[in-house]
Each structure stands twice: as C-alpha cells, then as structure tokens.
Amino acid sequence: MPSKRRSTKRPYGQPHQEYDANRAHGGGARQESGPGGEDYLVATPRLTDKTFVCPSCGRDIPPQTAHIVAWAADGLFGAEAAAADRRHWHTYCWETFGRTRG
C-alpha cells in the first residue's frame, strides 16, 4: 500500500528542474576528439535499467552495463541542443569508430 506522505525530493506543485548535462553526468564530462576529429564531451553515466542502442554497431547496450555517453562540444544550435542529441556508445565502439588502425 502506498504511503500517504508526500515526497520531499521535489516540493508539490513545483516545476521540474531544467536539464543540466554537467549535473546529470556528475560534472565529470571530459573533452575528447570524436570519430571525425570533432570535439565531443564524453561521460560515464551511472548504471540504469534502460537499454540503449549503440550508434556504431547497432547492437543493444543491456541494462546495468558500463558504457559512455558522448555529445558534441559545439552544437550548431547551442549546448542544450547538443546535450539533448547525446548518444550512448559501447566503450570499445567509441574508442574505435572512424579511427584508422595503425
């Protein structure tokens, strides 16, 4: 049976906070060169119960699997739009996608 107490996490009737990429990723985003040489912000997200699809290999990233999230550092429509267009990658796929082996 649900509790009759109201949640104290967000006061009743208050709007949700705006999305903040640094807060969502623990402020630990680092800048890296992406597959085409563009600058990307890369972070390791906390483990969740969601399944994501890797844009490189097209396979699922199962729940509770360590992976990375990457988004453009300089988005054409601003930082918020770039963060909203972030993608979840297998770590290996991110490290090897579009890079020549030598």
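So, here is what we can say about the structure in this document. (Residues numbered from 1 in each chain as written. Predicted model: local features only at pLDDT ≥ 70, side-chain atom pairs only at ≥ 80, totals over all residues. Heavy atoms only, no water.)

1. A closer look at the pattern of salt bridges
Just so we agree on the cut-off: The term salt bridge refers to a pairing of a side-chain nitrogen on Lys or Arg with a carboxyl oxygen on Asp or Glu at a separation within 4 Å. The cut-offs for exposure are 20% and 50% of the maximum accessible area for each residue type, with area from a 1.4 Å probe on protein chains only; residues under the lower value are buried, those over the upper are exposed, and the others partly exposed.
For the structure on display, the rule yields 2 salt bridges. Among the ionic pairs, Arg30 bridges to Glu32, the shortest N-O distance being 2.9 Å. Residues Arg87 and Asp85 are paired through a salt bridge, measuring 2.9 Å at the closest nitrogen-oxygen approach. The exposure class assigned to Asp85 is partly exposed, which follows from its relative accessible area of 46%.

2. Points about the side chain of His88
Filter applied, for reference: Only runs of H or I of at least four residues qualify as helices and only runs of E of at least two qualify as strands under DSSP, and these elements are numbered from the N terminus. In protein, a polar contact means a hydrogen-donor-capable atom and an acceptor-capable atom, both N or O and within 3.5 Å, with residues adjacent in sequence counting only if both atoms are side-chain atoms; elsewhere, any N or O pair within 3.5 Å suffices. Note on contacts: a residue pair qualifies if any of its non-hydrogen atoms lie within 4.5 Å across the two residues.
The topology assignment puts His88 in strand E6 (residues 87–89). The exposure class of His88 is buried, given its relative accessible area of 16%. A polar contact is formed between the side chain of His88 and the side chain of His67, at a distance of 2.9 Å. Apart from the residues lying within four places of it in its own chain, the contact partners of His88 are Phe52, Val53, Cys54, Pro55, Ile61, His67, Ile68 and Val69.

3. Describing the pairing of strand E1 (residues 30–33)
Note the threshold: Should DSSP find at least two bridges between two strands, the strands are taken to pair.
Of the strand pairs in this sheet, E1 and strand E2 (residues 39–43) are connected by 4 bridges, and their pairing is antiparallel. From the neighbouring strand, Arg30 faces E2, where its bridge partner is Val42. Between E1 and the antiparallel strand that follows it, E2, lie 5 residues; Gly37 among them carries a positive phi value of about 90°.

4. Section: the side chain of His67
Among the secondary structure elements, His67 is positioned in the loop between strand E4 (60–61) and strand E5 (68–72). There is a polar contact of 2.9 Å between the side chain of His67 and the backbone oxygen of Thr65. Sequence-distant contacts of His67, that is, excluding residues within four places in its chain, are made with Ala43, Thr44, Pro45, Phe52, Ile61, His88, Trp89 and Thr91.

5. Quick look at the nonpolar core
Filter applied, for reference: In these notes, a set of buried Ala, Val, Leu, Ile, Met, Phe, Trp, Tyr and Cys residues joined through side-chain atoms within 4.5 Å is what counts as a nonpolar core.
By size, the foremost hydrophobic cluster in this structure holds 9 residues: Val42, Phe52, Cys54, Ile61, Ile68, Ala70, Trp89, Cys93 and Trp94. Secondary structure elements with two or more residues in this core: E5 and helix H3 (91–96). Judged by nonpolar contacts, the second largest core, of 5 residues, contains Ala43, Val69, Trp71 and Ala82.

6. A word on unusual backbone geometry
Trans is the common state for peptide bonds, and a negative phi is the common state for residues other than glycine. In the Ramachandran plot, Gln64 falls in the positive-phi region, its phi being about 60° despite a non-glycine side chain. Assignment of secondary structure puts Gln64 in the loop between E4 and E5. Overall, Gln64 belongs to the partly exposed group, its relative accessible area being 46%.

7. Thoughts on the packing of aromatic side chains
Cut-off, in case you're wondering: Aromatic rings from Phe, Tyr and Trp, taking only the six-membered ring of Trp, are treated as a pair when their centres fall within 6.5 Å; an angle between ring planes under 30 degrees marks them as stacked, one over 60 as edge-to-face, and anything in between as tilted.
This structure, assessed with the given rule, holds 2 aromatic pairs. Measuring from ring centre to ring centre gives 5.4 Å for Tyr40 and Trp94, while their planes differ by 75°; the resulting arrangement is edge-to-face. Highlighted residues: Tyr40 in strand E2 and Trp94 in helix H3, separated in sequence by 54 residues. Overall, the relative accessible area of 3% leaves Trp94 in the buried class. Considering the side-chain rings of Trp89 and Trp94, the 5.1 Å spacing of their centres and the 75° angle between planes classify their relative orientation as edge-to-face. Overall, the relative accessible area of 8% leaves Trp89 in the buried class.

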